[in-house]
Amino acid sequence: MQDTAGKTILVVEDERPIAEILKVNLIKNGYKVLNAFDGKEALDIALANEPDLILLDVMLPTMDGFTVCKKIRETKSTPIIMLTARAEEVDKVLGLELGADDYITKPFSLRELMARVKANLRRSAVAVPETNEPLCFAELEINIERYEVKKRGEVVELTYREFELLKYLATQSGKIFSREHLLNKVWDYEYVGDDRTVDVTIRRLREKIEDDPSNPVYILTKRGVGYYFGA
Ligand code: CA
């Protein structure tokens, strides 16, 4: 397993006591910490200092976390974990094309948060196969090394997690995976039963790669069991 110590985490949180607790605990776990206390500052630091991961609160002064996330994604693929305080915010994180990699709801346990930080850092550093040959399925081309998906020769923009999910399914074509399995393998930690994350990511992927998302040919559903790649 990749050692994630020494990585730089940007903590974006305007509530100083929470920011302080996060900082202390991240440092205790061997990380370097940068702090931002409002949205604009977060964006500046994220772009200028290139942290390895960003913990991003939703409710922030000057610019909210959703906007910050979107703006960072215009140029950076830094893993972003959103800190959400309410169920509506979770829905928004899942439903919008923000490009956030993960979210955690407040109040969170520090243990869980540290596990998520580690998992997302590892994910972004995961080794790719040697070959530069894309996987080809009908009109779909998946280039794992270049993190690129093309459909009929046109690049399809996927978020980090969408790509990881597609890669996981496509490299084991025909094999059926339960939502729980996908959460563990693609998201890399034990979720406490929020299957929506998988369903929403599958739906988004289908919208991007299928001609008719309600009649998919690549990512198929095995009713009552889970999902599989069928091309
Ligand atoms: Ca806040």
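Here we summarise the structure given alongside this text.

### Here's the deal with the overall build of the protein chain
- Along the protein chain, the regular secondary structure elements total 8 helices and 11 strands.
- Its C-alpha radius of gyration of 18 Å places the protein chain within 12% of the 17 Å reference for a compact globule of 231 residues.
- Overall, the protein chain is about 50 × 35 × 35 Å in size when its C-alpha atoms are taken along their principal axes.
- In the protein chain, which comprises 231 residues, the proportion classed as buried is 48%.
- Long-range contacts, defined here as pairs at least 24 residues apart, represent 56% of the contacts in the protein chain between residues at least 6 apart.

### A closer look at the coordination of the calcium ion
- Protein coordination of the calcium ion is provided by Asp 14 (OD), Asp 57 (OD) and Met 59 (O), with donor distances spanning 2.1 to 2.3 Å.
- The sequence motif formed by the donor residues of the calcium ion is D-x42-D-x1-M. Here Asp 14, found in the loop between β1 (8-12) and α1 (16-28), pairs with Asp 57, found in strand β3 (residues 53-57); they are 43 residues apart in sequence, far enough to count as distant.
- When its relative accessible area of 3% is taken as the criterion, Asp 57 is described as buried.

### Structural notes on the packing of aromatic side chains
- Going through the model one piece at a time under the given rule, you end up with 5 aromatic pairs.
- Ring pairs connect the aromatic residues Phe 137, Tyr 218 and Phe 229, which therefore count as one cluster.
- Of note, Arg 16 hangs over the ring of Phe 37, and the distance from its end group to the ring centre comes to 3.6 Å.

### Notes on the packing of helix α6 (residues 160-170) against helix α8 (residues 196-209)
- Packing of α6 against α8 brings their axes to within 10 Å, and their N-to-C directions diverge by 85°. Taken together, the axis directions place α6 and α8 in an arrangement best described as roughly perpendicular. The residues of α8 that touch α6, namely those facing Arg 161, Glu 162, Leu 165, Leu 166 and Leu 169, are Thr 201, Ile 202, Arg 204, Leu 205, Lys 208 and Ile 209.
- Per-class residue counts for the contact of α6 with α8 are 6 nonpolar, 1 polar and 4 charged.

### Re the environment of Arg 111
- Take Arg 111: it is sitting in helix α5 (residues 110-124).
- Taking the C-alpha atoms as reference, Arg 111 lies 32 Å from Glu 145; in sequence the two are 34 residues apart.

### Regarding unusual backbone geometry
- In this model, Lys 106 is joined to Pro 107 through a cis peptide bond whose omega is -5°.
- Relative to the assigned elements, Pro 107 resides in the loop between β5 (102-105) and α5.
- A positive phi angle, close to 45°, is found at Glu 50, a residue other than glycine.
- By the secondary structure assignment, Glu 50 is in the loop between α2 (39-49) and β3.
- The exposure class assigned to Glu 50 is partly exposed, which follows from its relative accessible area of 49%.

### Side note on the side chain of Thr 159
- Here Thr 159 is to be found in the loop between β9 (154-156) and α6.
- Among all residues touching Thr 159, those that are not within four sequence positions of it are Gly 99 and Lys 208.

About the criteria used
- Residues numbered from 1 in each chain as written.
- Predicted model: local features only at pLDDT ≥ 70, side-chain atom pairs only at ≥ 80, totals over all residues.
- Heavy atoms only, no water.
- Helix = DSSP H or I, 4+ residues; strand = E, 2+ residues; numbered from the N terminus.
- Rg over C-alpha atoms; globule rule 2.2 N^0.38 Å.
- Buried < 20%, exposed > 50% of the residue type's maximum accessible area, 1.4 Å probe, protein only.
- Contact = heavy atoms within 4.5 Å.
- Donors = N, O, S within 2.8 Å, 3.2 Å for Na, K, Ca; no water.
- Phe/Tyr/Trp six-rings, centres within 6.5 Å; stacked < 30°, edge-to-face > 60°.
- Lys NZ or Arg CZ within 6 Å of the ring centre and 35° of its normal.
- Axes fitted to C-alpha atoms, helices over the stretch in contact; angles between N-to-C directions.
- Parallel < 35°, antiparallel > 145°, perpendicular 65-115°, else oblique.
- Nonpolar A, V, L, I, M, F, W, Y, C, P; charged D, E, K, R; others polar.

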